[in-house]
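Structural characterization, general
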Amino acid sequence: MWVPLLALTWALVACQQTNLAPEFARGQTYVYQYEADVMGGLPEEGLARAGVKVRSKVLISADSTGNFILKLVDTEILEFSGIWPKEDFTPATKLTSTMADQLSTPIRFEYANGVVGKVFAPAGLSETVLNLQRAILNIFQLNIKQTQNVYELQEPGTQGVCKTHYVISEDSNADRILLTKSKDLNQCQERIMKDIGLAYAERCVECEARGQSMKGASAFNYVIKKEATSALILEVSGTEMVQISPFNILNGAAQMESKQSLKFQEIQKAPLDPIKGQYLQRGSLQYEFGSELLQAPVQLLKITDVEAQIVEILNHVVINNVGKVHGDAPLKFIELIQLMRMAKCDIIAALWTHNKDRADYRRWLLNAIPAVGTSTALKFLKEKFLADELTHVESSKALLATLHMMTADLEVIKITESLAAEQKIQDNPLLREIVMLGYGTLVAKYCAENPNCPAELVRPLHELAAQAISSKDDEKLVLVLKVLGNAGHPSSLKPITKLLPGFGSTAAGLPLRVHVDAVLALRNIAKREPKMIRDMVVQLFMDKALKPELRMVAAIVLFETKLPMGLVITLANALLKENNLQVASFVYSYMKAMTKNTTPELASVASACNVAMKILSPKLDRLSYRFSRTLYLDAYSDAWMAGAAASAFYINDAATVLPRTFVAKARTYLAGAYADVVEVGVRTEGIQEALLKIQETPEDTDRLTKMRQVMKALSQWRAEPSSQPLASVYVKFFGQERAFANIDKALINQLIELANGPAILTSGKPILEALVAGFQNHYVDPFLISEVRRILPTTVGLPMELSFYTAAVGVSSVEFKATVTPPLPVDYRFAQLLKSDISLKAAINPRLSVHTYAVMGVNTAFIQASLMSRSRVHAIAPAKIEARIEMIKGNFKLQLLPIEGVNNILSTVVDTFAVARNVEDLAAAKITPIIPATLEAQDSRQNFTSSVSKMASSQSHSMSASSEIITIDQSSRNFSELRLPKEFQKRICSESKTFGIRSCGDIRSRNATFLKNSPFYSLIGRHSIEIDVSPAAGPAIERIEIEVQVGEKAAQKIIKVINRSEEERIKDKSVLMKLKKILAPSPKNSTSSSSSSSNSATVSSRSSSSSSSESANTYSSSSSRHNSKQVKANNSSSSSSSRSSHMSSSNSSSSSSSRSSSRSKQQLYDMKFIKSHIHQHDIYKDRANSNSSAQSFEDIYNNAKYLSQALNPAVTILIRAVRVDQKVQGYQIAAYIDKVNHRLQIIFANLEENNHWRICVDGVLLSNHKAMAKFAWGIQCKEYDAEITVESGRVGKDPAIRLKLTWNKLPNNMKRLAKEISEYISRLTKEFGISQAMVKNIAKQIILSVAAASDTTLNVVLKTPKRTMFKVGVGIPVSLPIGDSAAELEPYQDNIADKISYMFARAHSALCVMYRDTLITFNKRKVRMNMPDSCFQMLAQDCTPELKFIVLLKRDQKKNQNQIYVRIANLEVELYPKNGAIMVKINGLGVPNRNLPYKHPTGLIHIRQIHRGISISAHRYGLQQVYLDMNILKIRVVDWMRGNTCGICGKGNGEIRQEFQTPNQRLASDAVSFAHSWVLPGMSCRDASECYLKHESVKLEKQVILHGQESKCFSAEPVLRCLPGCIPTRTTTVNVGYNCLPADSELNRSVGQSNIFDKSIDLRETADAHLACHCTAQCA
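By convention here, each chain's residues receive numbers from 1 onward along its written sequence. Under the rules for a predicted model, residues below a pLDDT of 70 receive no local features and side-chain atom pairs below 80 are neither given nor counted, while totals for whole chains, interfaces and linings still include all residues. Think of the side-chain values as coming from all heavy atoms in the structure, minus any hydrogens and water.

1. Side note on the overall build of the protein
Numbering goes from the N terminus for both helices and strands, where a helix is a DSSP run of H or I of at least four residues and a strand is a run of E of at least two. The number of helices and strands found in the protein is 42 helices and 66 strands. Of all 1676 residues assigned to the protein, the portion counted as buried reaches 47%. Contact criterion: two residues are considered in contact whenever any of their non-hydrogen atoms come within 4.5 Å of each other. In the protein, of all internal contacts separated by at least 6 residues, the share reaching a separation of at least 24 is 66%. Surface accessibility in these figures is a Shrake-Rupley result with a 1.4 Å probe; residues are shielded only by whichever protein chains are displayed. Within the structure as shown, the protein displays about 80500 Å² of accessible surface, and the carbon and sulfur contribution to it stands at 56%. Exposure is judged per residue with a 1.4 Å probe applied to protein chains only, and the accessible area is read against the type maximum: over 50% gives exposed, under 20% gives buried, and values in between give partly exposed.

The structure is reproduced here in structure tokens:
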């Protein structure tokens, strides 16, 4: 019974409540006065703003169908561009009149319980007007709850579904309901917004958490009158505020403020009548985009006749951009693009038909069509390409630009799909690649705007992938994978997964590069489905059976999914057990690089990697450069909300020099978004191997023959059936792959055919003939660099647009003429040019104009009101050149001629203004600078005081951030006290009187930082930079000449002779000048002047009384004194530094470091250098009377200070300006070579008569162990000087070289630079492991000592006056010619190129050494060899299918001697000891050592005697050297064989954790088992080789209880045992892994011997291995 009573009670309560939702009674018309405006500008008053206002009466009534009618009456449109609030809105009378019919058209809408439903309007009503009416309906959108006064909900409205907050209160006195509705426009479930050009940008949520670049909110206040059953809205006032900045809005922002006001006036008794005609459903309350999408915000165009307007602009840009670029050309190009977007396909086709044969018009059209970005443009290009009206170059360029600038929709995607299927596209690899990759990009852009994009878009690609797999077409499959990677559709995950190893059976037969491309194709999918991709890629990374390169690529994709903490720690834990050092090094370096991240996006990954680094071993950080690594560098500013990051991935699967894969990527962050701007990837799969197979050539071989050898090597590579591509490269822009290329057989074939074919020969002559005949041409290239737009509705219904445009037009005119003397005959050859005089005349006039526009404001097809920042750059770089080349005479002359009429070479103007214009009165457009210039003329101070500045800053901050209210009067009063600072002006000029050129830069700037000192406000205003070039003051310059003369005629070109007599004349002149000053003193200060004059005269007389010989020896004596002082200082400094270093060593001796290490560092610290030169005085007999090397240098220098007195220059270079008065002006460089004294002198002098500033460089080779050079500069080369001494010697037993730099006086700026460099190096020492100490060394001296610790490592010590730095074991990429390396280089002494090549190859080769019973593998792991008797062991072999070489070792235990067997191709070589020497057999025939060296007929294999051993080298086959003597064995393989060898020497790939790998790919537990696994077993006990051992699985002869069950175990690793019928005579114990079976199993060791070695290992035990056997006569 109580349930009906409760229901009745609730019903009574509900009846008593009033419904607060507005209602409109039938038969009546409700009249409101409506006003709305939107205004954009800076928040401060007194600056310019732009805006639009709409006034109207709003009539609403219910119609007969139950819907409602809204009609605007007396509508008026006003526009504003001026100083706010000083000026007022201006009526746009013409626009209002033109749009009167549209504005007065009534619409219908559904309305119930305060909610607006569907909207109906005639088809002819524009979306712009309908959006204005939607904004009015949005006011009546009220979701009022009867039971709550404060609540929030996601409410649909004009701007989308956004978070809305309601507060309802009641004014009981006035009987009114007060309702406040506010919206947070940054928290919307569905925000109405249109982005153009932002498809490649990714949102950075973490960046927005630190700061925002756009934030908006709106608030509405309602006054509602309650009526009997409903409510009546009496008054509504609303404000919407949107703050926008390219940086963080907390540091200043522009604002768009929208206001709405609705006031009830009356109720009319007559209802409204709709217009006659059909009303169509036009959506709902939400804003609909219309013609504003086609309207560029930078310029408002009135479209009357599209075709005629396009023709008019085409004529303008073509006529006004011939030989020069018009200032408005970029803007006109944007207008052309806008008009062509509105043109239909037939109009574009007609324009093409009319202009396709006119080159200039054709070029403008083909550059504009890609930027149109509509389906019409793509259809046009498709039709013209199929009709063969476009060249391949034009097609490639146009399609590449179009497909990546296109606005993606289903129609465009279908057109592209059909274009890709065309046979003409399929037949052209380049076009096929462009169209296919572009198709993937279009799908990605479409799915970015439509998250629910259908899977049918990528289904054709899945079918192509299946076809490629079935036909085994790897190239096609790679292309499809790259297209799928561009598309990034989640439905592609399944077909890609099938290509990955471990996920599908298809992957087994595919090459590694397909696997890599399949993993990389997941990167864009990971942006949409990170967790799904993460789970898959983790499995790839954890699978240790996969190729290391594939695992590292998987790690790249894995980290791009923003790994959580748990997974990062999982990876770190996996690295602790990782056997592959390439993978471990790569991931470790990746994690370490991430710890330095500063970007918000990867902050969580950085913190997780910081924790992981505590777990991982720092040993991984000490791996060499051969191991894979990741480099990462970034910078990010929260205040600017901008940053950049660069990363590089160096991936290697073996420790070779060239990486297998290298990827570099750059990312930018701006305004809460990021984009991968560019990415380049290179895979060097076979290039190193192919190039290192080039056979040796004699030194006298000409360059052409050497190039033929390269081509021959490539031809051999082409002929190999299993050869892989040389390399592959791809390029990505904004995360989309634009192009890729494989350097494969097809490409090499094309290049060779082109090089050898007649085309290259026949095409050269016409080009040369055209140059001789002369030509002139002009080029113009317009392009749209960027178009980025974001359009979103305001609360008043007008669209607010944020856009960024950049357009450029480049124009260049070229004139060229060549003359050949004597004239070439008809049947000339190119070699004849080397014997001719060639004259060239060229005039180049490149010009560039770039316009950039940043716009914020209202943009419609009828009216625009916006803030615009416009940048205009105009640059010109003309050049007029004449050149002459006289090959026989050795003369080259270049003349730079003056350009007349060009002064301004660069002009940049950036201005910010408010603009308002409407399409009906474009002439009345009003543009107002943001910062008014009139305020500058207002009185008083030039700059506002700091107190006023602080007041303005604090006010601005409080207005934007504080909740306190500042009254308008107070705000206006405070602003009126401010005064704009004067415009910043600065003029910087630089003049070169020598060449008669003067350049000046004018910088002007006036910005808004006086209001707020922030990056955004510094951009607002007007800025300009101009650079002018003009002739310098003085005589005019006719031309600038650069002349080079080589050979005997170089002396004839000398203009200014520099010798001792010239210097003495200068000296005498200076003495006379001093005497003149003494004899004619100044009348002022006569006493002091005479005194000082007498003093100076005394000094002068003393100096002048010196003999010429004394003056000649002045340098010698001073240098000797200086050297003696240096020796003393060096000794004392060495002892003091020794003591200080000893004290530091003793202080640190409490650590765990050993005394021997301390002593070695002390020895290196002192670097006791023993010169080699002191024993070399007798090398040059003419210097035998010298007491020291330094004296020899001084004698040579003083005997002939200037070589010009005795020698002619070898080279003369003149750089001079030819003046009208023919006076000499410029510079002269002369080089002299004194072959007798091994001296080189270079004099750089100024050609002016009275200018004696010069640079003198003298270098002398004193012996084979020492060279010295002196640098002097200044007046007569006497102001500053420095000496460099380079000498060789030894440090202990290590060869060393020392470089010593000393100086007497240096310029102050050079001292400052040296100090900064020294401090910078000292800061880097810790990062690079360099030790340093603050030690007082010799002043004015720097010593660099380098000792060769080995042929590939150096010990380096650097001593500066205040520091000593050293580092031990610095690796170098070349093998020094010392020790064994020097002996190996002896055959190459006559060929310097081959010598250098060998030194590089040897440095990067892998070395395996065996000494007695110890073997050091390629990876430098020691193996104790317990060798069996008379059996060959596999030391090293090529484990590729080519099997290029094999090296076997056999030990004769009785004689304790090693025998080597080497097979290279079809050559068999045996090296064996006999009578204390190593003997050679080639193909079974003995070769006496006296007949060595031996060279194979192919020239690819060499056998020679080195010291007491024999060396075999075969670079072509990957075998650098095999060397054997009585004590040691060495095997060295070339770099490209790393990772491709196997045997006891290992793989040489740097993977020391996988060193003991047996032939069946199992890792042995110890070195003995590992070595035994590579023994070649004997076939029979009667074999002549006397090898009586074989590999066998042995049974464990003891009871085993495994997992609680009695088991019998057999070795899963082979054990050496004697053949049947033989007994062991020598054994050893080995550790073997056993596989166990239940004891009752019937399997025994005689069953499945070959299969047992593939079983898993259950336990490890020892077993006896046989090393020597004795066989009976009855053995089988």
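2. Regarding the nonpolar core
Ranked by size, the top nonpolar core spans 152 residues in total, and within it Ile310, Met340, Leu522, Phe559, Phe586, Val587 and Met591 carry the most contacts. The residues contacting Met340, other than those within four sequence positions of it, are Ile310, Ile348, Leu365, Ala368, Ile369 and Val372. For our purposes a nonpolar core is just a set of buried Ala, Val, Leu, Ile, Met, Phe, Trp, Tyr and Cys residues, chained together by side-chain atoms within 4.5 Å. Counting 85 residues, the second-largest nonpolar core is a separate cluster that includes Phe24, Tyr111, Leu300 and Met800.

3. Re the state of the cysteines
Any two cysteine sulfur atoms lying within 2.5 Å of each other are counted as a disulfide. What the rule picks out here adds up to eleven disulfides. Between Cys1618 and Cys1669 runs a disulfide, and the two sulfur atoms are separated by 1.8 Å. As the torsion about the S-S bond is roughly -90°, the Cys1618-Cys1669 disulfide counts as left-handed. Taken as a pair, Cys1618 in strand β64 (residues 1615–1618) and Cys1669 in strand β66 (residues 1659–1671) lie far apart in primary sequence, 51 residues in all.

4. Looking at the side chain of Thr661
Its location among the elements puts Thr661 in strand β18 (residues 661–670). We define a polar contact as two N or O atoms separated by no more than 3.5 Å, with the added condition that, inside protein, one atom must be a possible hydrogen donor and the other a possible acceptor, whereas residues neighbouring each other in sequence contribute only through side-chain atom pairs. A distance of 2.6 Å separates the side chain of Thr661 from the side chain of Glu549, its partner in a polar contact. Excluding residues within four positions of it along the chain, Thr661 makes contact with Glu549, Phe649, Tyr650, Ile651, Val682 and Arg683.

5. Remarks on helix α7 (residues 329–342)
Here the expected span of a helix is defined as 1.5 Å times the quantity of residues minus one. In this model, α7 (14 residues) spans 20 Å end to end at C-alpha, consistent with the 20 Å of a helix rising 1.5 Å per residue. Among the 14 residues of α7, twelve are classified as buried, and the element is accordingly described as predominantly covered. Among the residues of α7, those classed as buried are Ala329, Pro330, Leu331, Phe333, Ile334, Glu335, Leu336, Ile337, Gln338, Leu339, Met340 and Arg341.

6. A word on the environment of Ala1206
Mapped onto the elements, Ala1206 comes out in the loop between α37 (1189–1199) and β35 (1211–1219). Among the residues examined, Ala1206 registers a relative accessible area of 68% and is labelled exposed.

7. As for the packing of aromatic side chains
Here a Phe, Tyr or Trp ring, Trp counted by its six-membered ring, pairs with any other such ring whose centre lies within 6.5 Å, and the pair is stacked when the planes are under 30 degrees apart, edge-to-face when over 60, and tilted otherwise. Throughout the structure, instances matching the rule amount to 29 aromatic pairs. Judged by centre distance (4.2 Å) and plane angle (15°), the rings of Phe559 and Tyr590 are stacked. One end of the pair, Phe559, is in helix α21 (residues 548–559); the other, Tyr590, is in helix α23 (residues 581–594), with 31 residues separating them in the sequence. The pair Phe559 / Tyr590 is uniform in exposure class, with both members buried. Relative to Tyr674, the ring of Tyr669 has its centre 5.9 Å away and its plane inclined at 45°; by these criteria the two rings are tilted. Judged by its relative accessible area of 3%, Tyr669 is buried. Residue classification places Tyr674 among the buried residues on the basis of a relative accessible area of 10%. Comment: the charge-over-ring label is applied if NZ (Lys) or CZ (Arg) is within 6 Å of the ring centre and within 35 degrees of the ring normal. Directly above the aromatic system of Phe385 lies the positively charged group of Lys424, at a separation of 4.9 Å from the ring centroid. Directly above the aromatic system of Phe541 lies the positively charged group of Arg551, at a separation of 5.3 Å from the ring centroid.

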